[in-house]
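Inside the fold
One-letter residues, chain by chain:
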Amino acid sequence: MKKFLISLFILIIFSTVVFFFGWTQYRVKPEEFGVVISKTDGIDETPVENGKFSWYWQFLLPTNAVIKTFNVEPVFVTKQIKGTLPSGDFYASYNPKETFDYSFEFSMSLTVSEHDVIQLLKENKISNQDDLQQFINHSADTIAQLAADFYLKKIQENPKFRLESVKRDELLRAIKFYEDCPLIELMNFSLISSKVPDFELYDKLKMRFFENPVEIKNEINTEVQSEVEQQ
């Protein structure tokens, strides 16, 4: 009887140790989730969540497995896209009153789902939380650039086009950001501020410059001088 009790006690201790080593959800904070990566089975497809029971035998083998934690709370960023129309500085030299610069400032919040984080790990695009943040930030740059390109194209096609006339959902459908950023979930997106160039004058200079650059410069200088005198 005594030997049986000792054996039972040893078995209970062993079972407890085995259970403890394989128990994983306690290693994950409430605001995070974990991904089990082992030498024997690679990247597990099931995320480990705090408060949800999970047990992995892979942790029973020394140095075989690790759990990497990630936070997928939405990231709030502000992105500014600015530049000059092609040869804009050159054309602007013919008109001291005008530049052909543009700028757009966007605010957005975006994230990646737990399963898509696991997909990024499998594709070796990220390896930790810092990599995930960089991936999201780069995606925000891409989305902002797509939106800026859309606005510039619309203004070039119609100089009277008003940026605020495009609703958020219409804009996101038009730029098709999901093609360039298929794993990104865009929670919010808005245009904060903008500065657009005079496309009518830009196209005028662009079309006529090579015909007679001297005539264009004289014409513009005459218009500017006339406006100055009227003031």
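As the structure is a prediction and not an experimental result, all values here were calculated from the model.

Re the packing of helix α4 (residues 129-157) against helix α5 (residues 168-175)
As a packed pair, α4 and α5 sit with axes 10 Å apart at the nearest point and diverge in direction by 100°. Comparing the axis directions of α4 and α5 gives the class roughly perpendicular. Along its contact with α4, which presents Ile143, Leu146, Ala147, Phe150 and Tyr151, the element α5 presents Leu171, Ala174 and Ile175. Looking at side-chain class alone, the contact of α4 with α5 contains eight nonpolar, no polar and no charged residues.

Here we look at the confidence of the model for the protein
The pLDDT averaged across the protein works out to 79; a share of 71% of its residues lies at or above 70. Across residues 7-23 the pLDDT falls below 50, and counting only partners more than four positions away or on other chains, this stretch makes 17 contacts in the model.

Some remarks on the environment of Leu186
Here Leu186 shows up in strand β7 (residues 185-195). Given a relative accessible area of 13%, Leu186 falls into the buried group. Those residues within four positions of Leu186 in sequence are excluded, and the remaining contacts are Met108, Ser109, Leu110, Ile143, Arg168, Leu172 and Phe177.

With respect to unusual backbone geometry
Working note: non-glycine residues mostly have negative phi, and peptide bonds are mostly trans. Positive phi, close to 60°, is recorded for Asn124, a residue that is not glycine. Residue position: Asn124 is located in the loop between α3 (114-122) and α4. Positive phi, close to 50°, is recorded for Lys176, a residue that is not glycine. Mapping Lys176 onto the fold places it in the loop between α5 and α6 (177-180).

Analysis parameters
Residues numbered from 1 in each chain as written. Predicted model: local features only at pLDDT ≥ 70, side-chain atom pairs only at ≥ 80, totals over all residues. Heavy atoms only, no water. Axes fitted to C-alpha atoms, helices over the stretch in contact; angles between N-to-C directions. Helix = DSSP H or I, 4+ residues; strand = E, 2+ residues; numbered from the N terminus. Parallel < 35°, antiparallel > 145°, perpendicular 65-115°, else oblique. Contact = heavy atoms within 4.5 Å. Nonpolar A, V, L, I, M, F, W, Y, C, P; charged D, E, K, R; others polar. pLDDT = per-residue confidence, 0-100. Buried < 20%, exposed > 50% of the residue type's maximum accessible area, 1.4 Å probe, protein only.

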